[in-house]
Structures are given as C-alpha cells and as structure tokens.
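Observations on the three-dimensional arrangement
Here are the chains, one letter per residue:
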Amino acid sequence: MSRVYDDERLASAYEHGNEMPEASLRAWVELIASYTQRSSPSIVEIGAGTGVFSAAMARWIEGSEVVAVDASEAMLAEAHRHHPHPAVRYLRGEAEAVPAAEDFFDLALMSRVIHHIPDRARAARELARVLRAGGKVVVRTTFRERLDALVYDYWPRLRVIDELRFPGEQEVVADFVSAGFALEKVTSFAQPVAANLEQYWARLVVRPQSKFTRLTDEEFHRGLARMEAAARNKTSVKPRAVLERYDVAVFSCP
C-alpha cells in the first residue's frame, strides 16, 4: 500500500478528521453485515487505519472476531489508542500478504483503501486464499467514474488528482473476477458525516486525508478559506448535514 500513511502527523490527524456520527457508523456496519449470513463471523479488515470500522464491527456484529490489518505502524498505534476492543486484533500486514491462514475468514472489508494498493489483482488472490468458501468481500470506495466528494467544490485540482489515483468500477471487478470471485452487486450508500459545513471544515483544517498531501500549502489554505467563507455565510439557507456517498462492491468467494 501507499506509504503516505507512515507519516505520523497524518496518522494522528486521521482519527479526528474522518470521524462520523455513531448512527452513521452503525448504519454502515449494518449494511456490511447484511452481506454475510453466517453467525459469529470471522472478519478481516484490510487497510484498517485507526480501527474505526474494525471496532465498530466487533461492537455491532454479534459474536464477531475481527483481524484489523494495516501496513502502517503509525496508523496501528492510533488504532490501539483510540479503538481497543477485546474482539479485535490489530496486525501489521499488506493487502497482498495477509497475516492469516487459508480459509480463515467469512467476511473481508476494504474501506477507502483500494486506491492505495499497488497490486490489486494480487490482493484479490490473497483474499481468495484467506476467505472460506462463500465468504464475501465488501469494497467501500468511490469509483473513478463517480467521483463526487464535496471537497472537489473547494479544491478542484483534487478531482484531477483522484481521477489518476482511483480505479474504475470495471477495473476492480476484473481484478476480483480474475481471482475467482463472483460479483454479487455494486450499490451506492450515503450517510451524514457532519452536522453542517462549518463542522466539516473544522475537521479538514488538519489535512486528515492523503489526497491533501498532494496540494501545496497555498492551494490547501485557499480551498480551506473558500469552505470557511461558505460555512459562515449567514445569508445562506438553513445549514444541512454533510453527506458522504460511497460505492459498495460485493464479491463472493467460490
């Protein structure tokens, strides 16, 4: 995976800058859990970051055991600090080399990480190795052809950057199908991440996402100022919650 998350500053900022309301997080976990019918599933999260989703799945998927894998020691340190849970094990590892035995997991989650993986086809083959027959992979991302994040309104160059970084839907599907998976569905899901634009702006001040490291300081602060002005515009309509939409691709292991 990309080594940008080895940056301790980014790892430290990530937790605060990417938090979401508990109701939204729970809604995501319920969606992810709906793709496996097995009780007390064994789950692996690839690119677990600071452990938000891993700990949430352990909390709300009854009887689950979660292995949270990330390539970044800095991210794992934040995960241990913010999201310890008796049913979660945090392990250092790569998507292409998961630290687990064959046929071990019922469910795999890849949340906002597919664009960081250097060899997606190899990662798909590795998930086929560690998943049991009938196991599911849930890929939570934004496909290149549907990039629609709010940040593009304030930092237009980020869209250009992400068009080069993010894979398209058919590319990801091809990688998993070539590894033996069957595509079950591709859907879209959105949840509130902030009560209003001002709250969202306050989170972004610390540059909590890797994409912001690709901007100059001047570019970043210009965009931040534009968002702040919009958030504090008293003549605007009643403030609305900020939604984040993601594509969800679900694959089944034969």
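Structure: above.
Read on for a plain summary of the structure. All values derive from a computational prediction rather than experimental measurement.

Conventions we followed
Residues numbered from 1 in each chain as written. Predicted model: local features only at pLDDT ≥ 70, side-chain atom pairs only at ≥ 80, totals over all residues. Heavy atoms only, no water. Core = buried A, V, L, I, M, F, W, Y, C linked by side-chain atoms within 4.5 Å. Buried < 20%, exposed > 50% of the residue type's maximum accessible area, 1.4 Å probe, protein only. Helix = DSSP H or I, 4+ residues; strand = E, 2+ residues; numbered from the N terminus. Contact = heavy atoms within 4.5 Å. Axes fitted to C-alpha atoms, helices over the stretch in contact; angles between N-to-C directions. Parallel < 35°, antiparallel > 145°, perpendicular 65-115°, else oblique. Left-handed = near helix turned anticlockwise from the far one by under 90°. Nonpolar A, V, L, I, M, F, W, Y, C, P; charged D, E, K, R; others polar. Phe/Tyr/Trp six-rings, centres within 6.5 Å; stacked < 30°, edge-to-face > 60°. Lys NZ or Arg CZ within 6 Å of the ring centre and 35° of its normal.

The next subject is the nonpolar core. Core analysis: the biggest nonpolar cluster contains 49 residues, and Trp155 and Tyr200 have the highest contact counts within it. No other element matches helix H3 (residues 52-60), which puts six residues into this core. If near-sequence neighbours (up to four positions away) are discounted, Tyr200 is found in contact with Leu150, Val151, Val193, Ala194, Met227, Val242 and Glu244. Val44, Val137, Ala249 and Phe251 belong to the second largest nonpolar core, which has 29 residues in total.

What follows concerns the packing of helix H5 (residues 120-130) against helix H7 (residues 169-178). Packing of H5 against H7 leaves a shortest axis separation of 8 Å and a crossing angle of 45°. Viewed along their axes, H5 and H7 adopt a mutual orientation that is oblique. Judged by the sense of rotation from one axis to the other, the crossing of H5 with H7 is right-handed. Contacts between H5 and H7 pair Arg120, Ala121, Ala124 and Leu127 from the former with Glu171, Val172, Asp175 and Phe176 from the latter. Of the residues assigned to the contact of H5 with H7, the class counts are five nonpolar, no polar and three charged.

Applying the stated criterion across every chain yields a total of eight aromatic pairs. Both rings, one in Trp155 and one in Phe212, keep their centres 5.1 Å apart while their planes meet at 70°; by these two values the pair is edge-to-face. Taken together, the residues Trp155 in the loop between strand E5 (131-141) and helix H6 (156-165) and Phe212 in the loop between helix H8 (197-204) and helix H9 (217-231) connect sequence positions 57 residues apart. Here the two residues Trp155 and Phe212 agree in accessibility, since each one is buried. With a centroid separation of 5.4 Å and 75° between ring planes, the pair formed by Phe212 and Phe220 is classed as edge-to-face. Residues Phe212 and Phe220 agree in their burial class; the two are buried. Counting every residue linked through ring pairs, the aromatic cluster contains Trp28, Phe189 and Tyr246. Lying across the ring of Tyr246, Arg140 places its NZ or CZ 4.1 Å from the centre. Positioned above the aromatic ring of Trp201, the side-chain terminus of Arg232 is 4.8 Å from the ring centre.

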